[in-house]
Structure formats: C-alpha cells, structure tokens
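# Reading the structure
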Amino acid sequence: MPVVVVESPAKAKTINKYLGSDYTVLASYGHVRDLPPKDGSVDPDADFDMKWEVASDSKKHVKAIADALKDDNSLILATDPDREGEAISWHLEEALRNRKVLKKDTPVSRVVFNAITKSAVTEAMKNPRQVDEPLVHAYLARRALDYLVGFKLSPVLWRRLPGAKSAGRVQSVCLRLIVDREMEIEKFIAQEYWSVKAMLSTPRSQDYEARLTVLGGKKLDKFDIANETAAELAVQAVNSRDLSVKSVEAKPANRNPAAPFMTSTLQQEASRKFSMGARQTMSAAQRLYEAGYITYMRTDGIDMAPEAVHAARDAIASKYGKDYVPDSPRMYKNKAKNAQEAHECIRPTDMMQNAASLKISDADQRKLYDLIYKRTIASQMAAARMERTTVIVGSADEQVELRASGQVMIFDGFLKVYEEGRDDAVIDDDDKSLPQIAQGEGAAKKSITPEQHFTQPPPRYTEATLVKRMEELGIGRPSTYASIVTTIQDRDYVRKDKNRLIPEDKGRLVTVFLSNFFRKYVEYDFTAALEAELDDVSAGSRDYKNVLSRFWSDFSVAIAEAMDLSITEVLEKLNEVLAPHIFPPNEDGTDPRLCPNCGAGRLSMRTARSGGAFIGCSNYPECKYTRPFGPPGADDGSAIPPEGKLLGEDAGDKIWVHKGRFGPYVQRGEVTDDNKKPPRQSIPKEWPPEEVELEQALKLLSLPRAIGPHPEDGVMVWSNIGRYGPYLKHAESTSDRGGTNANLETIEDVFTVGMNRAVELLAQKVASRGGRGAPAKTLRDMGEHPDEGGQVSVMDGKYGPYVKWGKVNATVPKTMDVEKMTVDEAVILIAEKQAKGGKKRAAPKKKAATKKKATAKKAS
C-alpha cells in the first residue's frame, strides 16, 4: 500500500477521501527540516554547505511516515505544486534516506495537482515524476541568501544601531518602499489651484453641471487659475457672456471585466473590499484550497483551464441568461516571468457552487470564496456597454468654453456580478447622467462657482497597494508577499493605522542605515535582478552556487566595512540624512541644531535600547533637554521644562512631572546617590502631562491599588494602569505572572472600582476563556510548616489537588485522601518535590531572613 505525503492534515483528509483504502495518506505538517538559527548553518567557505536539522516538532511526523513505510513499499510525495512544495518533498526524501528508511529499490515519486478534487488527484496519480531538481536548487539558493543576509547583517544592526531587531533580503527593501513614501509625504509642498464649475439649464429647465475648460481663447491647464483673484476674473468672464451648446457627441463604449485572480490581485482586492491583511487572506485561501473549494492559491498565473472556462460559461448562461455569455471564451495570458509560479489562476473548483450553496461557516473563508467565485464568473461574462456623451458649451466670441460629460448604462454585462475595487477614491464626472441636450440651444446660467483645491501628497501604502508595487518592481514572489508584509509589522518597523502602513522610528532608522551603508542591497533594481536570477535557477538555466558566490563576494566586504564603523559615525550620518525631517530650517535663520534650553549644546539624534529614538543635547548631563524623534513641535509635553515641573510636596517629598524618552511620568523625590530610582509612574495618554496636578500625581504614585482579598479564595485583587491601559489583577502581587487580568473601561475606574464590580469583571473574563486562567481554590489550610514556617495549603488545581508552600507545588497522589491528610504527610510531599527539582526552593521570606542572619553570624 503506497504512502502518500502532503503538508497538512486537512489536505490529507480530503485526499484520503478520494484515494480510498488503497493508500495511506499522511501529513508532514509543513517543512520537516530547516537551517538551525545559529551562525555557521550556511558555510560560504565550504562551497555554501548547508547544515539542516529536523525540527523538534517535526520528528514525530517524520517517524510516523517512517513507521508507515516499514509495511508499505512505495512513497508518493504530493506536496503543493510550487517551489516550497518541491522543497518539502526534497527535505522529506532526504530525511527518510538519512534515517535509512528508504532503500535503494524503494520507489519514490512526485505528483502535483492544482486543485484538490477527485478528477485532479486521480489524474495526478496517473502522471508521477521525480522531484524537480532545478526547483529545489532555486529553493536552496533563496534559503541560503535569506540566511546569509539575516545572520550576517542583523548583528551589524544590533551593534551599530541599538534597538534594531533584524534585516532581511526582501523585507528591508519592502520597508524602504514605505519609508521612502513617508519621506515623500513629509517633503511634499501643497500647491494651490482653482477650478470653475457652472450649473447650467436647458430651455426645458433641466439642470446639468459643466466645467470651465477654455478661458481667453486658451485651453486651461490644471494650475492656470492659480489663486482666488484669477478665479474671480474667470467667473466674471463666464457671467458676462451668453452661452450656447456648441456640440453634443455621443460615443458607445465597452468596459471589459478584470482577469481572474492570482495571488497578488487576490490580496489587493481582499484588502480593498474587506480590509483583510495579506496573512489573513492567505490563511483563509489555504483552508479553502485544502477543503477542495478553490485551486492552488500561490500563483502568478491568470489563465484558466479550458474545462473551467466552459463550466463558467455554462454557469453564466444558467444563472443570468445567454445575453451575458460572450460569443467566444475570454483568454487571459500569463504575465509571469517565472513559469514555476505561473500555475492556473485562483478559481472555484465547481463553477455551479456559490458561497451560499457551499454553506461555509467561517466568515473570512465565506467572504473570500464569494469574492473568488464572483471574480471568476465575471471574467468570462460579456462586456458592459454604455454610451458616453460629451457636451461643449461656449460663448459666441470663443473666449469661454465649458465641458459637460456623462454616461448611460445600456447593458450591465459583467457588472451585474462584480466590479473591481479601487485603492483610492477617484471622482469621475463621466459617471453622471445628462438630460436631453441639443446642439445650438441656449444654456442658461444658474450659478457659476469658483472652487479652491490643493495638490495632495502621495497616499501612504495599504497592504494592497504595497503588494501591487512590489509586484511591479519584481520584488518578492506569490509565496512570499504575505510573510514579507507581515514581518515588517511584527518587527514593529511599521504600524497599520486605518489600513495605511506608517513607518515607526526604528523602521525609518533601519532604512536610512541600510540605504547609506548597504545601499546596493536595498536597491529595487538589484533585488529584482536577483529575483530574476533565482527564476533562471528554477528554470534550470543558471547554477545556484554561482549566484550565491557572486552575491557573497561583494556582501561579505560590505559587512566587514560596516563592522569598522563606530556608533558615533553612524549617528552623525543619520543626523545628516534625516536633518530635513528632524532639524528643519528655522524661520528666523538661526541654527536649528542649537539647544533651545542651554543655548550652547548641539542637538543630535540618540537611539534607545528599546529601538526608539529621541533628540538630545550634546551637553548632557549638565543639560537634560530632550524631545521626541521628529520635527520640533512634535512634543506633546512641551510645557514641561527639561529639569521637570514641580507640582508640590507630599510627606516631605517633592512631586515632579518629567519628560522621559518613553513619555511623560510623575516622580516622588529626586534622584540622588542614595535614591537612584525614586518611585515613578507613567502618565496615561488620556491625561495631558502639562495639565497634571498634585492630586492626580499622588493617585498615580499610589498604584498598584489593593482593592482587597477576593471573597472566594482570599487572594488579593488589584487595580493598576499597564502598557495596554487600566486593568484588574487577581493574584498575590501585580508582579505575579499568573492570575487573572481583566480590562477596566476608564482610568478613573482604577481609583474607584469596588470589590463587587471587580469580582464581576474577573468572573466574566474567566468565563470568556472557558474557565482558563481561573485561580486555584483552597481546599484546606494546613497551618504553618513545622520546620521552615510559612503557610501550607491544599489547592484544587486544573489536574487535581496539590499542596502549596511558598513557591513549591506538590501533587497529591490519587491514593491519598485530601480530607484526612496530615501536616506531616504534606511536608513529606513538599520535601519529595524539592528533591526532584534538584535544588531547594526559596522558603517563605520571613524564615529565609532568619536563616540568612544565622548563616552570617556563623560565618563571622
């Protein structure tokens, strides 16, 4: 019985249903081997030898496959039909051969199918082949390149740019796109311009809108009416003349449907229509593919199998009528440079099944399937037909001319099913309809209105437009778009706000650093050319080790040069490059880098270990002036001087508000040699720091607030303000990692919430997690430990009762009756648990202090 291996258990389940009991279908659960995340896994000095390891999570899956092959006589590798799928098959075969599971005469074959349907799987099993060596070589080259960049460049960042997390071969280029766009926006200077619109009326009292296009006998360009004065003169020129219709031209127009989806266009449209991220989209698509509902979702191809085209045409005729079926099938040609990525388009496997008939329960999958279904059906439908009308209205002396345009839908065609989304709103005058207008008739003026406009900066990228731009530049491939876009957000280099991608300080700094010290490796053309070389490797026309060798010869030199740089040199370069952003020229012509506090120091950018950046004075510590990274005026706490703002005194301590590099905070007392870390508390974002008063500061410094012991178990309940806002905590202390946390609605709740409300909120939190996180209940209090001191209790844990003493938790054997257990028996369990731990746990503090004194006395 042959063993068939696929990536996922969901895919295995579907395929097993088609193949039946004659085959054993198992899942590898993704990649089974990878390069260990340590230096030396790729050795450039040993002809780029790569040291692979079977992942700990994968060992049991490899063993399951190996065990199955003891009884079965052949292996069929049925992983996904792309480079990654080919790599998984290769890794699995290599791992099994290393285990000596596969013998020389064990037949090993590779099958691929673009859709998990019975016909596709059956046909694939009839056409086995061997693992595609060029595809594997392309994978090896990419993996080696990504490793070399990640493990050689990232340490340079860590040492020369504190707070930077990592760099990646493609992720850094993608990040540069976002940072470059942000810098374009910051440098953008809006330009004013005006337009003139007229509301005109036909002799039949039907109104229509027209736009001024000719003034003084000259055709107007966008910026010809530059200001309000010019606009008023234009209005007078129109008002002072009688207008009539010079021409009416109606032209038929067709609008054709968009091609069916490939990976990038699916991600773009899901982002436009549903605000779904690239990772979210691909996860839902993966589930649909594994369930057999759609074809393979990582593809650069837009062509459709002939049988699918005919099925789509039949579905259109059945659902919408023959008028919506074009005379001949629509054929779409692949634009992919790389044949291995150019599978068939992403389409439904059954054209007669829409989202409603499949009854898909998951919301994301249902929305995405509906999108794929409608796009695919629409791609084979008849064009939409409309009539576009242009009306020219002018004066007899030809000094003034206005244009009105509109269109009328004659036949909706594919628009009955689907219309492609737009990344940014576009106002189109042609979308309006016009009344009946005849050439030669008069045009009465109802109103002539000047309108002011300003040019807009280029919009920030969305995930959709970023993927589109990457595709245009040839950066990345269908299998990597989602992971690249996700990684730069996970690294906190970029944040998403209202679906737009905005670079964080650390992302901007990493990009500027790489653009100045590793310019070649973040160039769009270089990255695209390297992608093209890797495509040549997958096509079998280029040797992958030559690609690696040429890359490494230059890259290793750049790494060595960068390691010789000092942090001071790096910061000075960053100050120079970012000067337009962080030190813009002062209106009075004074030096923008002169410290406004001491008047002598020079401002420069500093980096924090957390990865943030701030502007500080060169006279530190004498001058403690700081402001946030960015242009002057970006500081929300500008009313707070560098030395801090004194609010008053409490119990003999001065209470201050200070500005820190991580935001404003209140402080009790001052920093001295004896008190290097006085009590501090961050000021919530909801409170303007310059408006904080003494009473508010004392409230903050009193946190965490002990509400009292929980009525059910006696464990303390606290209220506090944390990184993510106000919250409750049910634990021995707020520093305890365990316990239950529940959010509070407002900052004021932290200081006012009572026990009844706290218990209710904590109970709701526990219920929402199905009981997970609920504190253990005390079954019995056993009293003090007879030898060491400290409370001994029997607790009701998730896996049964246990004895608790300090930090020691000892399981109570099932043979022991909790109700009859003595303190001596509990102490024995505690001692056994300590012995198993290999070292003695810390006893309760009181006794520990006593023992410490005794030890000290003995030593003296």
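Along each chain, residue indices are assigned from 1 in the same order as the chain's sequence is written. Selection of residues for local features in this predicted model requires a pLDDT of at least 70, selection of side-chain atom pairs for listing and counting requires 80 or more, and totals for whole chains, interfaces and linings are taken over all residues. Just so you know, side-chain values use all the structure's heavy atoms and leave hydrogens and water out.

## Things to note about the overall build of the protein chain
Let me state the cut-off plainly: Only DSSP runs of H or I reaching four residues or more are called helices, and only runs of E reaching two or more are called strands; each is numbered from the N terminus. Summary of the burial criterion: residues with accessible area below 20% of their type's maximum are buried, those above 50% are exposed, and those between are partly exposed, where the area comes from a 1.4 Å probe applied to protein chains only. Any two residues whose heavy atoms approach within 4.5 Å are treated as being in contact. Using a 1.4 Å probe, accessible areas were evaluated by the Shrake-Rupley method; residue-level cover was limited to the displayed protein chains. Charge convention: Lys and Arg are scored as positive, Asp and Glu as negative, and His as well as the terminal groups of each chain are ignored. A charged residue contributes its charge at one atom only: NZ of Lys, CZ of Arg, CG of Asp or CD of Glu.
A count of helices and strands for the protein chain gives 23 helices and 32 strands. With the C-alpha coordinates of the protein chain rotated into their principal frame, the extents come out at 115 × 85 × 60 Å. Buried residues in the protein chain amount to 47% of all 860 residues. Counted over contacts in the protein chain with a minimum sequence separation of 6, partners at least 24 positions apart contribute 65%. Total accessible area computed for the protein chain in this model is approximately 44200 Å², and 48% of it derives from carbon and sulfur atoms. Across the protein chain, the mean location of the 127 positive side-chain charges is 5 Å away from that of the 123 negative side-chain charges.

## So, the packing of aromatic side chains
Note the threshold: For Phe, Tyr and Trp, rings pair up if their centres lie within 6.5 Å, where Trp contributes its six-membered ring, and each pair is then called stacked (planes under 30 degrees apart), edge-to-face (over 60) or tilted (otherwise). Counted as over-ring charges are cases with an Arg CZ or a Lys NZ within 6 Å of the ring centre that also lie within 35 degrees of the ring normal.
Evaluated as defined, the whole model comprises 19 aromatic pairs. Summarising the aromatic geometry, the rings of Tyr324 and Phe411 are spaced 4.8 Å apart at their centres and angled 40° between planes, so their arrangement reads as tilted. With Tyr324 in the loop between α10 (306–320) and α11 (355–358) and Phe411 in strand β14 (residues 400–411), this residue pair connects regions lying 87 residues apart in the sequence. Considered together, Tyr324 and Phe411 belong to a single accessibility category, that of buried residues. The rings of Phe513, Phe517, Phe518, Tyr521, Phe526, Phe551, Trp552 and Phe555 are connected pair by pair, giving a single aromatic cluster. The aromatic ring of Trp90 is capped on one face by Arg33, whose charged end is 5.4 Å from the ring centroid. Looking at Arg176, its charged tip hangs above the ring of Tyr524, at a distance of 4.2 Å from the centre.

## What to know about the sheet that holds strand β26 (residues 716–722)
What counts here: Strand pairing is assigned whenever DSSP detects at least two bridges linking the two strands. Lines fitted to C-alpha atoms define the axes, with helix axes restricted to the stretch in contact, and inter-axis angles between N-to-C directions lie between 0 and 180 degrees.
Sheet architecture is open: 4 strands sit in the order β25-β26-β27-β28, paired in antiparallel fashion. The sheet is open, and its two edges are formed by β25 (705–709) and β28 (740–743), each paired on a single side. Taking the axes of each pair of neighbouring strands and ignoring which way they run, one obtains an average angle of 25° across the sheet. Of the pairings in the sheet, the one linking β26 to strand β27 (residues 725–730) comprises 6 bridges and is antiparallel in character.

## Here's the deal with the pattern of salt bridges
Using the following cut-off: The rule for a salt bridge is simple: a side-chain nitrogen of Lys or Arg has to be within 4 Å of a carboxyl oxygen of Asp or Glu.
All chains considered together, the criterion is met by 48 salt bridges. A salt bridge links Arg110 to Glu86; the nearest nitrogen and oxygen atoms lie 3.1 Å apart. With a gap of 24 residues between them, Arg110 in strand β8 (residues 108–110) and Glu86 in helix α3 (residues 83–98) connect regions that are remote in the sequence. This pair shows no difference in class: Arg110 is buried, exactly as Glu86 is. Among the ionic contacts, a cluster of salt bridges with common partners joins Arg142, Asp146, Arg169, Glu531 and Asp535.

## Details of the state of the cysteines
Quick reminder of the rule: The term disulfide is used for any two cysteine sulfur atoms that are within 2.5 Å.
Summed over the entire model, instances satisfying the criterion amount to 0 disulfides. Residue Cys598 stays outside any disulfide, its sulfur separated by 3.8 Å from that of Cys617, the closest cysteine. Note on Cys598: relative accessible area 32%, which makes it partly exposed.

## A short note on the side chain of Thr265
In this structure, Thr265 sits in helix α8 (residues 263–274). For Thr265, the contacting residues outside a window of four places in its chain are Pro260 and Arg375.

## So, the nonpolar core
Selection criterion: Buried Ala, Val, Leu, Ile, Met, Phe, Trp, Tyr and Cys residues that are joined via side-chain atoms within 4.5 Å together make up what is termed a nonpolar core.
Among the nonpolar cores identified, the biggest contains 95 residues, and Phe518 and Met605 are the most heavily contacted of them. For this core, the element with the most residues is helix α5 (residues 133–160), which contributes 13 residues. Excluding anything up to four places from it in sequence, Phe518 contacts Leu153, Val156, Phe513, Phe555, Ala558, Ile559 and Ala562. Ile76, Ala253, Ala278 and Ile316 belong to the second largest nonpolar core, which has 59 residues in total.

## Quick notes on the sheet that holds strand β18 (residues 603–607)
Spatial strand order, β18-β19-β20: 3 strands in an open sheet with antiparallel pairing. The sheet terminates laterally at β18 and β20 (626–628), the two strands that pair on one side only. Neighbour to neighbour, the strand axes of the sheet diverge by 35° on average, direction disregarded. Sheet topology places β18 next to strand β19 (residues 613–617); 5 bridges connect them, and they run antiparallel. Pairing of Met605 across the sheet is with Ile615, part of β19.

## Thoughts on the environment of Gln399
Mapped onto the elements of the fold, Gln399 is located in the loop between β13 (384–395) and β14. You can call Gln399 partly exposed: its relative accessible area is 29%. In sequence terms Gln399 and Val238 are 161 residues apart; their C-alpha atoms lie 9.0 Å from each other. Beyond its immediate sequence surroundings of up to four residues, Gln399 is in contact with Val214, Leu215, Gly216, Gly217 and Arg241.

## What about the confidence of the model for the protein chain?
Formally: One number per residue, pLDDT, summarises how confident the predictor is, and it ranges from 0 to 100.
In this model, the protein chain carries a mean pLDDT of 87, and residues with pLDDT of at least 70 account for 92%. Every residue in residues 839–860 scores below 50 in pLDDT, and together they form 15 contacts with partners more than four places removed in sequence or on other chains.

## Structural notes on helix α18 (residues 567–582)
Think of an α-helix as 3.6 residues a turn; residues three or four steps apart then line up on the same face. Note the following rule: To estimate the expected span of a helix, subtract one from its residue number and multiply by 1.5 Å.
In this model, α18 (16 residues) spans only 19 Å end to end at C-alpha, well below the 22 Å of a helix rising 1.5 Å per residue. Of all the residues in α18, the buried ones are Val570, Leu571, Leu574, Asn575, Leu578, His581 and Ile582. Here the buried face of α18 lies against α5, α6 (171–187), α15 (505–517), β18, β19 and β20.

## Let's talk about the packing of helix α13 (residues 463–473) against helix α14 (residues 481–490)
Heads up, the condition is: Angular relationships are summarised with four words: roughly parallel below 35 degrees, roughly antiparallel beyond 145, roughly perpendicular across 65 to 115, and oblique for the angles in between. It is the rotation of the near helix from the far one that decides the hand of a crossing: anticlockwise by less than a right angle makes it left-handed, clockwise makes it right-handed. Classification convention: Asp, Glu, Lys, Arg as charged; Ala, Val, Leu, Ile, Met, Phe, Trp, Tyr, Cys, Pro as nonpolar; all other residues, Gly among them, as polar.
It is at 11 Å that the axes of α13 and α14 come closest, and there the two elements cross at 125°. Regarding the angle of α13 to α14, the classification is oblique. Crossing geometry of α13 relative to α14 is assigned as right-handed. Together, Glu463, Leu466, Val467, Met470 and Glu471 of α13 and Tyr481, Ile484, Val485 and Gln489 of α14 make up the contact between the two elements. A breakdown of the residues in the contact of α13 with α14 according to their chemical character gives 6 nonpolar, 1 polar and 2 charged.

## Considering the pairing of strand β17 (residues 500–503)
Pairing of strand β16 (residues 494–497) with β17 involves 4 bridges; the strand directions are antiparallel. Bridge pairing links Val494 to Pro503 in β17. The loop that links β16 with its antiparallel partner β17 comprises 2 residues; one of these, Lys498, has a positive phi angle of about 55°.

## Describing unusual backbone geometry
Cis rather than trans, the peptide bond between Tyr620 and Pro621 has omega equal to 10°. Structurally, Pro621 is set in the loop between β19 and β20. Residue Leu703 is joined to Pro704 through a cis peptide bond whose omega torsion reads -5°. Tracing the chain through its elements places Pro704 in the loop between α19 (694–701) and β25. Of note, the phi angle at Asp47 is positive, near 55°, even though the residue is not glycine. Of note, Asp47 is situated in the loop between β4 (42–43) and β5 (49–50).

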